[in-house]
Amino acid sequence: MSVTMSRRDWLLSERPASRMQARLGRAYMTWRRFSANRLALFGLAIIVALLLVAAFADVLAPYAPTVGNLRDGLLPPSDAHWFGTDDQGRDILSRVIYGSRLTLYVIVLVAIIAAPVGLIVGTVAGYAGGWTDMVLTRITDIFLAFPKLILALAFVAALGPGIENAVIAIAITSWPPYARIARAETLTVRNSDYISAVRLMGASPWRIVLRHIMPLCISSLIVRVTLDMAGIIITAAGLGFLGLGAQPPLPEWGAMIASGRRFILDQWWVAAMPGAAILIVSLGFNLLGDGLRDALDPRGGSQ
């Protein structure tokens, strides 16, 4: 107990002896605020479960996701097929499990592409000001003027159907909110004493933006990206539902709902099971994002 308390006191020290101790102390306080939110922990558990299901899909799935038997088509949920089968006789549980990989593939790639683009555009616009700020801000406003799904439909229609083109289309429509957040954060700190001191030391504008301003925007960006994951999933499912995302026989959740809409009244499980997967995963990301927002809020008190 004393060892635990000494480590806790070391992490909570008001006078850290090193940068590592200060970073670990901040991380510990963030985790304390986050873990005090039970709904956030529930959301984290959902996302961890999604990661595990995607990682061990080969082990967890009882059947092949793309191989079916027409004689077993549209069977209701049973001991042999927990989620039933679709019109091709394919096990829906197996397809939902393998579909988690496609969902993670989309959201991870979109986050990797859109978040850095938005961060760069926002920080450059906020720090440079003048014509640079005006041009980049107007471009951002143009993208924000269109509904995300409609704009994604336009881009993927131009690029052609497919999961890769869907990722590109969603990423193109996802970066503007991140740019707005990064610009607002940059405008707050660009005239601060800290940035002025760095500028007086001879740091170039690019070094100031990359090394000193961008790190200050990361926490807000992480929260927004996490909250946007649900929207990304729904947009990807919408493209798949319209036949512009992942193409058959890939087990994409939106495409599964589209194939099951013909049987929604009698064989409800064909569309309901992938729809429930989208609902649960979207809920998990929303709860996780809310928890991160509260935990990373510097104005939040310690719990």
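All values derive from a computational prediction rather than experimental measurement.

Parameters and conventions
Residues numbered from 1 in each chain as written. Predicted model: local features only at pLDDT ≥ 70, side-chain atom pairs only at ≥ 80, totals over all residues. Heavy atoms only, no water. Helix = DSSP H or I, 4+ residues; strand = E, 2+ residues; numbered from the N terminus. Buried < 20%, exposed > 50% of the residue type's maximum accessible area, 1.4 Å probe, protein only. Contact = heavy atoms within 4.5 Å. Areas by Shrake-Rupley, 256 points an atom, 1.4 Å probe, with all protein chains shown as cover. Core = buried A, V, L, I, M, F, W, Y, C linked by side-chain atoms within 4.5 Å. Salt bridge = Lys/Arg side-chain N within 4 Å of Asp/Glu carboxyl O. Expected span 1.5 Å × (residues − 1). Bend = angle between axes of the 7 residues up to and from the residue. Axes fitted to C-alpha atoms, helices over the stretch in contact; angles between N-to-C directions. Left-handed = near helix turned anticlockwise from the far one by under 90°. Nonpolar A, V, L, I, M, F, W, Y, C, P; charged D, E, K, R; others polar. Arc of directions from axis to C-beta. Polar contact = N/O pair within 3.5 Å; in protein donor to acceptor, adjacent residues only side chain to side chain.

Q: Whenever I open this one, the overall build of the protein chain confuses me. Can you help?
A: Along its length, the protein chain carries twelve helices and zero strands. Across its three principal directions, the C-alpha atoms of the protein chain cover 75 × 60 × 25 Å. Taking all 303 residues of the protein chain together, 42% fall into the buried category. By sequence separation, contacts in the protein chain at least 24 residues apart represent 70% of the contacts at least 6 residues apart. About 16,300 Å² of surface is accessible on the protein chain, with carbon and sulfur atoms providing 66% of the total.

Q: Looking at this model, I keep getting lost on the nonpolar core. Mind explaining?
A: One recurring pattern in soluble globular proteins: nonpolar side chains tend to sit buried together. Within the largest apolar cluster, 58 residues are counted, with the highest numbers of intra-cluster contacts made by Val 106, Trp 253 and Phe 285. Elements that contribute at least two residues to this core include exactly helix H3 (38–55), helix H5 (92–128), helix H8 (163–189), helix H9 (193–200), helix H10 (205–241), helix H11 (253–260) and helix H12 (269–296). With 14 residues, the top contributor of residues to this core is H10. Leave out the neighbours within four places in its chain, and Val 106 touches Ile 163, Val 167, Ile 170, Ile 232 and Ala 236.

Q: Quick question: what am I supposed to make of the pattern of salt bridges here?
A: One side chain can pair with another of opposite charge once the charged atoms of both are near each other. For the structure on display, the rule yields nine salt bridges. Of the charged contacts in the structure, one is a salt bridge between Asp 228 and Arg 224, with a shortest N-O distance of 3.0 Å. Here Asp 228 pairs with Arg 224, and both are found in helix H10, just four residues apart, close to one helical turn. Judged by its relative accessible area of 11%, Asp 228 is buried. A residue is classified by how much of its surface remains accessible, and Arg 224, at 28% relative accessible area, is partly exposed. The salt bridge involving Arg 293 is made with Asp 290; its shortest N-O contact spans 3.1 Å. Here Arg 293 and its partner Asp 290 are both found in helix H12, three residues apart, which amounts to about one turn of the helix. We classify Asp 290 as partly exposed; its relative accessible area is 28%. If you follow the salt bridges from partner to partner, you end up with Asp 86, Arg 90 and Arg 95 in one network.

Q: Sorry if this is basic, but what is going on with unusual backbone geometry here?
A: For residues besides glycine, phi is generally negative; the peptide bonds are generally trans as well. In this model, Pro 248 is joined to Pro 249 through a cis peptide bond whose omega is 5°. Here Pro 249 shows up in the loop between H10 and H11. For Leu 74, which is not glycine, the phi dihedral falls at a positive 60°. Its place among the elements puts Leu 74 in the loop between helix H4 (57–60) and H5. By relative accessible area, which is 24% here, Leu 74 ends up partly exposed.

Q: Before we go on, may I ask you to explain H8 in this structure?
A: Because the α-helix completes a turn every 3.6 residues, residues three or four places apart line up on one side. Between the first and last C-alpha of H8 there are 39 Å, a value that for 27 residues agrees with the 39 Å anticipated at 1.5 Å per step. Its maximal kink placed at Ser 174, H8 deviates by approximately 25°, while the proline Pro 176 follows within four residues.

Q: Can you help me understand the environment of Ala 258 in this one?
A: Within the element layout of this structure, Ala 258 appears in helix H11. Using a relative accessible area of 9% as the deciding quantity, one classes Ala 258 as buried. Measuring from C-alpha to C-alpha, the distance between Ala 258 and Gly 238 comes to 9.2 Å, with 20 residues separating the pair along the chain.

Q: Would you explain the packing of H5 against helix H6 (residues 130–144) in this entry?
A: The description of two helices packed together rests on the angle between their axes and the distance between the axes. One can describe the packing of H5 onto H6 by two numbers: an axis separation of 7 Å at closest approach and a directional angle of 145°. H5 and H6 meet at a crossing whose hand is left-handed. Where H5 approaches H6, its residues Val 121, Val 124, Ala 125, Gly 126 and Ala 128 are matched on the opposing element by Gly 130, Thr 132, Asp 133, Leu 136 and Thr 140. The residue makeup of the contact of H5 with H6, split by class, is five nonpolar, four polar and one charged.

Q: Would you explain H6 in this entry?
A: Helix length check: H6 (15 residues) gives 21 Å between terminal C-alpha atoms against 21 Å at 1.5 Å per residue, within 8%. Here H6 has its buried residues at Asp 133, Thr 137 and Thr 140. Around the axis of H6, the buried residues are gathered within 60° of arc, so they sit on the same side. Residues of H6 that are exposed and point over 90 degrees away from its buried face: Trp 131 and Ile 142.

Q: Hey, could you run me through the side chain of Thr 186 in this one?
A: Its place among the elements puts Thr 186 in helix H8. Among the polar contacts listed, one links the side chain of Thr 186 to the backbone oxygen of Ala 182, at a separation of 2.7 Å. Once residues within four sequence positions are removed from consideration, Thr 186 is found in contact with Gly 122, Thr 123, Gly 126, Tyr 127, Ile 213 and Cys 217.

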